[in-house]
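Letter by letter, the chains look like this.
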Amino acid sequence: MLIIETLPQLRLQIRRWRQEGKRIALVPTMGNLHDGHMTLVEEAKAAADVVVVSIFVNPMQFDRPDDLARYPRTLQEDCEKLNRRKVDLVFAPAPSDIYPKGLDTQTFVDVPGISTILEGASRPGHFRGVSTIVSKLFNLVQPDVACFGEKDYQQLALIRKMVADMGYDIEIIGVPTVRAKDGLALSSRNGYLGADQRKIAPGLSKVMNSLADKLRAGERDTEEMLALAAAELNEKGFRSDDLQIRDADTLLELSAQSKRAVILMAAWLGQARLIDNIQVDLAQ
Ligand SMILES: Nc1ncnc2c1ncn2[C@@H]1O[C@H](COP(=O)(O)OP(=O)(O)OP(=O)(O)O)[C@@H](O)[C@H]1O
Ligand SMILES: CC(C)(CO)[C@@H](O)C(=O)[O-]
Ligand code: BAL
């Protein structure tokens, strides 16, 4: 497995593979890898000849400096895991390679509409940072296919829109959320949970699933349903943040025309802001 940190070295290797006619898959990550990431890697392997995993804690997408500072960085363990999975190349650049002139004058990619609602409203500038780094990684790695997790539902929708709007010739594969046995969605930020909080954490998916059951049973008073869900989370020890039931295709409010809903959950548990989502078919 190649571990490359600089842009010129990466370009050289990508050019070689292109000349050999290889189909390239990209899995963008911020590292501290878990089984959710490994599922993305397996999907990437099935879809291409060579797999590139990027590991970059992207400062441009963090709206809180403390969140950036304490984000777990475990490059050596990550590379060992990826080596065992027979990944071909890990791209792990330094921030100064990606943003040599800093962030203030960096050209950015903004996806209108979707980047400022929901998670984008809670985390100002976050999605501009995501679309900019993913666009830059697409240009550097020139993948034929790229894999993203459904756990970050709005992010996946943002990337799909960017690819369509900008004419990237890249297939985007969305990978279903990988969970622990007790239902908690795997996430690097779960590492911030203490042992007692870890016991409470699956409550987020339990409350989400009971909202999904209510939708399936035909309940449509979403305001009332979400207020009850927030109270239930707070009772369990969370600080409910943003809970939404939206049209799964547009991310706008549900309408009579909506075919599928997505329930989007965000709640604080101690120092960790946990997110989760589930899609529900509304066909009666
Ligand atoms: N449990 C999971 N199941 C499927 N995909 C996941 C899961 N967790 C993360 N991913 C995906 O892995 C990619 C990289 O995510 P990232 O490195 O930010 O990990 P993370 O666990 O989501 O960390 P955090 O949310 O704490 O930043 C993204 O496409 C993300 O959606
Ligand atoms: C896609 C991504 C790697 C861009 O930094 C990040 O937002 C993530 O880990 O989901
Ligand atoms: N997995 C989403 C990246 C972030 O929270 O910044």
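Residues numbered from 1 in each chain as written. Chains lettered and ligands numbered in written order. Predicted model: local features only at pLDDT ≥ 70, side-chain atom pairs only at ≥ 80, totals over all residues. Heavy atoms only, no water.

Visitor: Pulling in residues and values, what's your account of the UniProt feature "active site" (unreviewed entry) in the protein?
Guide: Cross-referencing UniProt, the feature "active site" (unreviewed entry) maps to H37 in the present numbering. With respect to the element layout, H37 can be found in helix α2 (residues 35-47). Residue classification places H37 among the buried positions, given a relative accessible area of 14%. Once residues within four sequence positions are removed from consideration, H37 is found in contact with T29, G31, N32 and S188. (UniProt positions renumbered as here; feature names shortened; annotations may be inferred. Helix = DSSP H or I, 4+ residues; strand = E, 2+ residues; numbered from the N terminus. Buried < 20%, exposed > 50% of the residue type's maximum accessible area, 1.4 Å probe, protein only. Contact = heavy atoms within 4.5 Å.)

Visitor: Lay out the site of ligand 3 in plain terms, naming residues and giving numbers.
Guide: Around ligand 3 sit M30, Q61, R123, H126, D152 and R189, and that is every residue in its neighbourhood. The separation between a nitrogen atom of ligand 3 and a polar side-chain atom of D152 is 3.2 Å. Contact between ligand 3 and R189: an oxygen atom at 2.7 Å from a side-chain N or O atom of the residue. Alone, ligand 3 offers 230 Å² of accessible surface; in the complex the protein occludes 85% of this. Across the shell around ligand 3, the residue classes tally to one nonpolar, two polar and three charged. (Near = heavy atom within 4 Å. Polar contact = N/O pair within 3.5 Å; in protein donor to acceptor, adjacent residues only side chain to side chain. Areas by Shrake-Rupley, 256 points an atom, 1.4 Å probe, with all protein chains shown as cover. Nonpolar A, V, L, I, M, F, W, Y, C, P; charged D, E, K, R; others polar.)

Visitor: Provide a residue-level description of the sheet that holds strand β3 (residues 50-55), including the pertinent values.
Guide: Each strand in a sheet pairs with its neighbour through backbone hydrogen bonds, running either in the same direction (parallel) or in the opposite one (antiparallel). If you trace the six strands from one edge of the open sheet to the other, you get β1-β4-β3-β2-β5-β6, paired in parallel fashion. The open sheet has two free edges, formed respectively by β1 (2-4) and β6 (171-175), since each of these has just one partner strand. Going from strand to strand, the sheet's axes swing by 25° on average, the running direction of each strand aside. Summarising the sheet, β1 and strand β4 (residues 89-91) pair through three bridges and their orientation is parallel. Counted as the bridge partner of I4 is F91 from β4. Where helix α1 (residues 7-19) meets the sheet, its contacts fall on β1, β2 (24-29), β3 and β4, and the angle it forms with β4 comes to roughly 145°. (Pairing = 2+ DSSP bridges. Axes fitted to C-alpha atoms, helices over the stretch in contact; angles between N-to-C directions.)

Visitor: Talk me through the packing of helix α7 (residues 126-141) against helix α8 (residues 153-166); I want residue IDs and the actual numbers.
Guide: The interhelical angle for the contact between α7 and α8, taken along N-to-C directions, is 50°, at an axis separation of 10 Å. For the element pair α7 / α8, the angle class is oblique. Handedness of the crossing formed by α7 with α8: right-handed. Counted together, F127, V130, S131, V134, S135 and F138 of α7 and Q154, Q155, L158, I159, M162 and V163 of α8 form the full contact between these two elements. (Parallel < 35°, antiparallel > 145°, perpendicular 65-115°, else oblique. Left-handed = near helix turned anticlockwise from the far one by under 90°.)

Visitor: For α1, give the residues involved together with the corresponding values.
Guide: Here α1 is 13 residues long and its end C-alpha atoms lie 18 Å apart, about the 18 Å a rise of 1.5 Å per residue gives. Taken residue by residue, α1 has L7, L10, Q13, I14 and W17 as its buried positions. Relative to the axis of α1, the buried residues are bounded by an arc of 130° and lie together on one face. Residues of α1 that are exposed and angled more than 90 degrees away from the buried face: P8 and Q19. Contacts from the buried residues of α1 go to β1, β2, β3, β4, α5 (95-98) and α7. Within two residues after α1, G21 carries a phi angle of roughly 75°, on the positive side. (Expected span 1.5 Å × (residues − 1). Arc of directions from axis to C-beta.)

Visitor: Quick one: what's the story with helix α4 (residues 75-84), residue by residue and with numbers?
Guide: Listing the buried residues of α4 in full gives D78, C79 and L82. The arc that holds the buried residues of α4, viewed along the axis, is 95°, so those residues lie on one side. Away from its buried face by more than 90 degrees, α4 exposes Q76 and R84. Tucked into the core, α4 has its buried residues touching β1, α2, β3 and β4.

Visitor: Any details on the pattern of salt bridges? Residues and values, ideally.
Guide: Scanning the entire structure with this criterion turns up 19 salt bridges. Close ionic contact of R179 with D276 constitutes a salt bridge, the shortest N to O distance being 2.9 Å. Residue R179 is found in the loop between β6 and α9 (195-200), and its partner D276 is found in strand β9 (residues 272-281); the two are separated by 97 residues along the sequence. You can call R179 partly exposed: its relative accessible area is 31%. Notably, a salt bridge pairs D241 with R273, separated by 2.8 Å at the nearest N-O pair. Of the two residues, D241 is situated in strand β7 (residues 239-247) and R273 in strand β9; the sequence distance between them amounts to 32 residues. (Salt bridge = Lys/Arg side-chain N within 4 Å of Asp/Glu carboxyl O.)

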